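Structural overview for review
Chain by chain, the residues:
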Amino acid sequence: MNAIANAPEFIQKLTNLVEANLANEKFGPKELARETNMSHAHLNRKLKIISNQNVGQFIREIRLKKARELLQDKDLTVAEISYRVGF
């Protein structure tokens, strides 16, 4: 299937888009779909096939991974980190 063949590049593109908008707490599935020029439903289906996650879960996982990195590597408060990752 074509969605699976390009999966690593597609996931990287989505990850880059989410990371570029990390501090924007309003950046969610609809905004990610708009940035990829896909409908929300189509993006959800494609992501579900590739990663078995919906778009909201995918975005939340990226935010949590970045928060974990910041907690380990930076001398920031939890409040500062949550603000930086959009929570």
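Nothing here was measured: the structure is a model prediction, and the numbers come from that model.

1. A closer look at the packing of aromatic side chains
Under the criterion given, the structure shown has zero aromatic pairs. The ring of phenylalanine 10 is capped by lysine 46, whose NZ or CZ atom sits 4.3 Å from the centre of that ring.

2. Description of unusual backbone geometry
Of note in this structure, asparagine 37 is not a glycine but carries a positive phi near 55°. Along the polypeptide, asparagine 37 turns up in the loop between helix H3 (29-35) and helix H4 (40-51). Unusually for a residue other than glycine, asparagine 52 sits at a positive phi of about 60°. The topology assignment puts asparagine 52 in the loop between H4 and helix H5 (55-73).

3. Description of the environment of asparagine 6
Looking at the secondary structure, you find asparagine 6 in the loop between helix H1 (2-5) and helix H2 (7-20). A residue is classified by how much of its surface remains accessible, and asparagine 6, at 39% relative accessible area, is partly exposed. Taking the C-alpha atoms as reference, asparagine 6 lies 9.5 Å from isoleucine 50; in sequence the two are 44 residues apart.

4. Points about the nonpolar core
Of all hydrophobic cores here, the largest spans 19 residues; its most connected members are Leu14, Val18, Leu32, Leu43, Val55 and Phe58. Elements supplying a minimum of two residues to this core: H2, H3, H4 and H5. Excluding anything up to four places from it in sequence, leucine 14 contacts Leu32, Thr36, Leu43, Leu47 and Phe58.

5. Quick word on the pattern of salt bridges
All chains considered together, the criterion is met by two salt bridges. Close ionic contact of glutamate 61 with lysine 65 constitutes a salt bridge, the shortest N to O distance being 3.0 Å. You can see glutamate 61 and its partner lysine 65 sitting in helix H5, four residues apart, about one turn around the helix. Judged by relative accessible area, lysine 65 falls into the partly exposed class, the value being 39%. The salt bridge involving lysine 66 is made with glutamate 69; its shortest N-O contact spans 3.8 Å.

6. Regarding the environment of glycine 56
Assignment of secondary structure puts glycine 56 in helix H5. Judged by its relative accessible area of 22%, glycine 56 is partly exposed.

7. A look at the confidence of the model for the chain
Mean pLDDT for the chain: 92, with 97% of residues reaching 70 or above. Per-element confidence in the chain ranges from a low mean pLDDT of 66 for H1 to a high of 97 for H3.

Reading guide: rules and limits
Per chain, residue numbering runs from 1 following the sequence as it is written. Local features in this predicted model are restricted to residues whose pLDDT is 70 or higher, and side-chain atom pairs enter the listing and the counts only when it is 80 or higher, whereas totals over whole chains, interfaces and linings include all residues. The side-chain numbers reported here are obtained from all heavy atoms of the structure, hydrogens and water having been left aside. By convention, a stacked pair of Phe, Tyr or Trp rings (six-membered ring in the case of Trp) has centres within 6.5 Å and planes under 30 degrees apart, an edge-to-face pair has planes over 60 apart, and any other such pair is tilted. In this analysis the charged atom, NZ for Lys or CZ for Arg, is taken to sit over a ring once it is within 6 Å of the ring centre and within 35 degrees of the ring normal. Helix numbers and strand numbers start at the N terminus; a helix is a DSSP run of H or I with at least 4 residues, a strand a run of E with at least 2. Exposed residues in this analysis have more than 50% of their type's maximum accessible area, buried residues have under 20%, and partly exposed residues fall in between, with area computed by a 1.4 Å probe over protein chains only. In this text, buried Ala, Val, Leu, Ile, Met, Phe, Trp, Tyr and Cys residues form a nonpolar core when linked through side-chain atoms within 4.5 Å. Note on definitions: a residue-residue contact is assigned when non-hydrogen atoms from the two residues lie within 4.5 Å. Every case where a carboxyl oxygen of Asp or Glu lies within 4 Å of a side-chain nitrogen of Lys or Arg is listed as a salt bridge. A score from 0 to 100, pLDDT tells how confident the predictor is in each residue.

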